[in-house]
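# Per-entry structural report
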Amino acid sequence: INGSSGELQIQGIIRVTGDIHIYGKKKPLIYQGNGTLYATDDIHVHSDVMPNTSFPLVDSLGLIAAKIMWIACGSGDSQLTMALAMYAQYKITINKQCEIGGTCVSSYFAMNNVPHIYQVPELVNNMPPGMPGGEPINIVTISVKSWQDVGGSGS
């Protein structure tokens, strides 16, 4: 990551013990590559987060919070723009109005000021690495060895 320019080059999964804080309202975080930032605690986003080129076909970024994801929850965080995939185990909180292209997955949501979230159909085929649901599930064969009627009707 280049702190002065706000550019992030990412490939693969980066695990951070603790929280991740993304700041930079004056300079957005511009990412290049296909990767995921994983925090063992919370993730706080106080910045625009945008791809260098085309999301998700060329550049895709995933954020995984083991606990809570806080989006636009600081003073001055309104009107943020993001293109990414987000997953939080417990809750995603979006406090201010912002524009999000991608997806948000969590057990609970708190959206306090009408964010706009736009689904990106090609994201399902171009998920960042390690994102829940990103790996295909293939069922090769199923065979029934035995069965039993447990309906209790007696006939």
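A brief look at the structure comes next.

The rules behind the values
Residues numbered from 1 in each chain as written. Predicted model: local features only at pLDDT ≥ 70, side-chain atom pairs only at ≥ 80, totals over all residues. Heavy atoms only, no water. Helix = DSSP H or I, 4+ residues; strand = E, 2+ residues; numbered from the N terminus. Rg over C-alpha atoms; globule rule 2.2 N^0.38 Å. Buried < 20%, exposed > 50% of the residue type's maximum accessible area, 1.4 Å probe, protein only. Contact = heavy atoms within 4.5 Å. Areas by Shrake-Rupley, 256 points an atom, 1.4 Å probe, with all protein chains shown as cover. Core = buried A, V, L, I, M, F, W, Y, C linked by side-chain atoms within 4.5 Å. Salt bridge = Lys/Arg side-chain N within 4 Å of Asp/Glu carboxyl O. Disulfide = S-S within 2.5 Å. Lys, Arg positive; Asp, Glu negative; His and termini not counted. Polar contact = N/O pair within 3.5 Å; in protein donor to acceptor, adjacent residues only side chain to side chain. Patch = residues over 30% accessible without salt bridge, like charges linked within 9 Å, V, L, I, M, F, W, Y side chains within 5 Å. Pairing = 2+ DSSP bridges.

### Thoughts on the overall build of the chain
A tally of regular secondary structure across the chain gives zero helices and ten strands. The C-alpha atoms of the chain give a radius of gyration of 19 Å, which is well past the 15 Å a tight globule of 155 residues would have. Across its three principal directions, the C-alpha atoms of the chain cover 75 × 30 × 30 Å. A burial count over the chain gives 41% of its 155 residues as buried. Of the contacts made within the chain by residues no fewer than 6 positions apart, 42% connect residues no fewer than 24 positions apart. For the chain, the accessible area works out to roughly 9,000 Å², and carbon and sulfur atoms hold 53% of it.

### Structural notes on the nonpolar core
Counting residues in each nonpolar core, the largest one holds 36 residues, and the members touching the most others are Val 49, Leu 61, Leu 63, Met 69, Ile 71 and Met 86. Within the residue set of this core, elements represented by two or more residues are strand S1 (7–16), strand S2 (20–23), strand S3 (29–39), strand S4 (43–46), strand S6 (60–65), strand S7 (68–71), strand S8 (80–94) and strand S9 (98–111). When residues in this core are grouped by element, the largest group, ten residues, is from S8. Leaving out residues up to four positions away in the same chain, Met 69 has contacts with Ile 43, Leu 63, Ile 64, Met 86, Tyr 87, Ala 88, Lys 91, Ile 92 and Thr 93.

### Points about the environment of Met 127
Relative to the elements of secondary structure, Met 127 occurs in the segment after strand S10 (116–118). In the structure, Met 127 is positioned 92 residues away from Gly 35 in sequence and 9.0 Å away in space, judged by C-alpha atoms.

### What about the pattern of salt bridges?
Counted according to the given criterion, the structure contains one salt bridge. A salt bridge links Lys 67 to Asp 41, with the nearest nitrogen and oxygen atoms 3.1 Å apart. You can see Lys 67 sitting in the loop between S6 and S7 and its partner Asp 41 sitting in the loop between S3 and S4, a full 26 residues away along the chain.

### A few points about the state of the cysteines
Tallied over the full model, the rule gives zero disulfides. Cys 98 provides the cysteine sulfur closest to Cys 73, a residue in no disulfide bond, and the two sulfurs are 9.0 Å apart.

### Looking at the side chain of Asp 59
As for its position among the elements, Asp 59 is in the loop between strand S5 (49–51) and S6. For Asp 59, which is buried and forms no salt bridge, the nearest opposite charge comes from Lys 27, at a distance of 19 Å. Within the structure, Asp 59 has its side chain in polar contact with the backbone nitrogen of Gly 33 (distance 2.9 Å). From its side chain, Asp 59 meets the backbone nitrogen of Asn 52 in a polar contact 3.4 Å long. Look past the residues within four positions of Asp 59 in its chain and what remains in contact with it is Tyr 31, Gln 32, Gly 33, Pro 51, Asn 52, Thr 53 and Ser 54.

### Points about a nonpolar patch on the surface
On the surface, Phe 109, Met 111 and Ile 117 cluster together to form a nonpolar patch covering roughly 240 Å² of accessible area. In this fold, Met 111 is placed in strand S9.

### Some thoughts on the pairing of S2
By the alternation rule, side chains of S2 split into Ile 20 and Ile 22, which are all buried, and His 21 and Tyr 23, of which none is buried. The sheet contact formed by S2 and S4 spans four bridges and is parallel. The residue of S4 that forms the bridge with Ile 20 is Ile 43.

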